[in-house]
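Residue-level structure breakdown
Single-letter residue listing:
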Amino acid sequence: MNNIVAIVGRPNVGKSTLFNRLIQRREAIVDSVSGVTRDRNYGKSEWNGKEFSVIDTGGYVRGSDDVFEGEIRKQVELAIDEADVIIFVVDVEEGITPMDETVAKLLRKVTKPVLLAVNKVDNAMREKDAVEFYNLGLGDYYTFASISGSGTGDLLDALIDAFPEKPEPVQEEVVLPRFAVVGRPNAGKSSFINALIGQDRFMVTDIAGTTRDAIDMKFDRFGFEFNLVDTAGIRRKAKVKEDLEFYSVMRSVRAIEHADICILVIDATRGFESQDQNIFWLAQKNRKGVVILVNKWDLVEKDTMSTRDYEEKIKKELMPFTDVPILFVSALTKQRLLKALEASVKVFENRQQRIPTSKFNEFMLKVIEAYPPPATKGKYIKIKYCMQLPSPTPQFVFFANLPQYVKEPYKRYLENKIRDNWDFSGVPIDIYIREK
């Protein structure tokens with residue numbers, strides 16, 4: 001197991017900038033508005049040949065009525081529990097504030113190593129100003145500037161020395177599939193993940209847009225193992241008012257691009273709206289496997305036809321790509337969550353499926369013989385050979401004498417026949433016609 005480092009402190013002292021520097025990627029959103037980081041954001045870092053995991057936390061606030069700040073407080077306390085070493089970031093420009101003293105009081109009770117890191121020290125005068133931080137009662141401090149990176153080397157040396165001794169991992173790390181949980185704001189994505197893992201790993205409030213970063217975590221329960229990604233809700237461009245929300249949308253789009261499977265969570269009480277459709281097509285355009293979860297199903301008044309009618313309505317919106325698993329779940333009551341997991345894993349397996357060329361030809365050539373491509377301009381099209389391409393997503397090539405005359409309707413016919421005989425549910429298929 002890697003050592004875990006938690007970066008804590010009051011809002012807007014530069015925790016996320018330090019986090020980004022440590023993992024060498026612009027992963028956490030950084031903004032001059034305090035309270036940007038709301039969830040625990042995880043990343044990996046390495047220094048002097050030692051790997052460790054880093055947790056970026058929201059700013060610690062006590063005595064606030066803000067619903068987010070109350071949740072951030074819980075998140076910071078959970079991060080401190082998870083960590084082996086804690087980096088407490090303070091700001092030399094503002095000196096010791098009452099909030100810093102509150103955090104220091106909390107950390108003095110912790111038995112784990114705490115490194116006091118004084119940020120924004122980029123000249124000799126500020127180096128002198130940092131002396132006052134001895135008053136926090138946490139011993140020596142380390143000065144650095146997270147934006148320029150000066151001083152971070154000394155901080156990291158001290159961090160490596162503070163790690164408890166752990167046995168070296170024996171097995172090599174396996175690259176796990178990535179399942180991104182996507183959807184509109186407030187559809188219940190974080191609640192769905194929290195219900196799956198059985199703990200409040202992500203902040204959940206009834207205010208849309210609580211999750212602002214795309215956050216990875218390893219999921220290993222019920223016999224399933226993969227990386228689960230919680231993403232910020234994706235809104236229409238017209239609704240993206242602040243820069244911060246723009247970054248969140250971009251982070252979600254990037255999460256879709258880097259995922260293998262997209263679990264699209266929609267709000268049953270609102271129906272399958274145009275933005276849900278846009279997210280679906282974004283995943284489909286990127287050739288990702290898709291599972292649709294209709295969340296909050298416990299809040300919908302139902303009759304015997306409800307699920308079927310609802311499913312038909314969604315599939316009508318998804319035409320022509322209708323071969324997608326649709327499950328009706330409730331993150332609150334944990335209804336059908338395991339089925340949702342099983343469906344997601346099955347779609348991943350479908351996406352990895354490889355059909356032997358001999359079997360593929362044996363079936364598809366009979367299909368083509370029974371219903372050949374229609375003749376165009378008096379010319380007959382003959383397809384004599386076909387195969388699956390060795391690509392990451394299902395792609396099939398058919399070799400014909402006149403490929404330019406094979407139109408889209410016939411390609412859809414071939415796709416439907418492939419789907420009828422092999423299970424590619426939830427996975428986009430590409431059909432290519434090439435000259436033999």
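Up top you'll find the structure we're talking about.
Residues numbered from 1 in each chain as written. Predicted model: local features only at pLDDT ≥ 70, side-chain atom pairs only at ≥ 80, totals over all residues. Heavy atoms only, no water.

1. What to know about the pairing of strand 15 (residues 430–435)
Note that strand 14 (residues 395–400) and strand 15 share 6 bridges and pair parallel. Across the sheet, A400 pairs through a bridge with E435, a residue of strand 15. Tracing the backbone out of strand 14, into helix 12 (residues 408–421) and back to the parallel element strand 15 gives a crossover that is right-handed. (Pairing = 2+ DSSP bridges. Helix = DSSP H or I, 4+ residues; strand = E, 2+ residues; numbered from the N terminus. Right-handed = clockwise from strand over helix to strand, strands pointing away.)

2. Details of empty space enclosed by the protein
Taken as a whole and judged by the stated rule, the model has 2 cavities of 30 Å³ or more. Of the voids in this model, the largest cavity is the one considered here, and its volume is about 50 Å³. Around the largest cavity sit R184, P185, N186, A187, V265, I266, D267, R270, G271, E273 and D276, which together line it. By residue number, the principal contributor to the lining of the largest cavity is strand 10 (residues 261–267), which donates 3 residues. (1 Å grid on protein atoms, 1.4 Å probe; cavity = no way out; pocket = protein on both sides within 12 Å on 5 of 7 lines; lining within 4 Å. Points joined across faces, edges and corners; volume = space filled by probe spheres on them.)

3. Some points on the environment of F226
Note on placement: F226 falls in strand 9 (residues 224–230). The spacing of F226 and F179 is 47 residues in sequence and 7.1 Å in space, taken between C-alpha atoms.

4. A short note on the packing of helix 6 (residues 189–197) against helix 10 (residues 337–352)
Axis separation between helix 6 and helix 10 bottoms out at 10 Å; the angle between their running directions is 100°. One way to sum up the angle between helix 6 and helix 10 is to call them roughly perpendicular. Of the residues in helix 10, those in contact with F192, A195 and L196 of helix 6 are L337, A340 and L341. A per-class count over the contact of helix 6 with helix 10 returns 6 nonpolar, no polar and no charged. (Axes fitted to C-alpha atoms, helices over the stretch in contact; angles between N-to-C directions. Parallel < 35°, antiparallel > 145°, perpendicular 65-115°, else oblique. Contact = heavy atoms within 4.5 Å. Nonpolar A, V, L, I, M, F, W, Y, C, P; charged D, E, K, R; others polar.)

5. Some points on the packing of helix 11 (residues 357–370) against helix 12
Relative placement of two packed helices is described by the angle separating their axes and the distance separating the axes. At a minimum axis separation of 11 Å, helix 11 and helix 12 run at an interaxial angle of 135°. In terms of axis orientation, helix 11 runs oblique to helix 12. Of the two possible hands of crossing, helix 11 and helix 12 adopt the one that is right-handed. Counted together, F360, F363, M364, V367 and I368 of helix 11 and Y410, Y413, L414, K417, I418 and N421 of helix 12 form the full contact between these two elements. By residue class, the composition of the contact of helix 11 with helix 12 is 9 nonpolar, 1 polar and 1 charged. (Left-handed = near helix turned anticlockwise from the far one by under 90°.)

6. With respect to unusual backbone geometry
Omega for the bond connecting M319 with P320 falls within 30 degrees of zero, at 5°, which places this linkage in the cis form. Of note, P320 is situated in the loop between helix 9 (306–318) and strand 12 (326–328). Non-glycine residue R287 carries a positive phi angle of around 60°. When you line up the elements, R287 lands in the loop between helix 8 (274–285) and strand 11 (289–295). At R336, a residue that is not glycine, the phi angle is positive and equals roughly 60°. As for its position among the elements, R336 is in the loop between strand 12 and helix 10.

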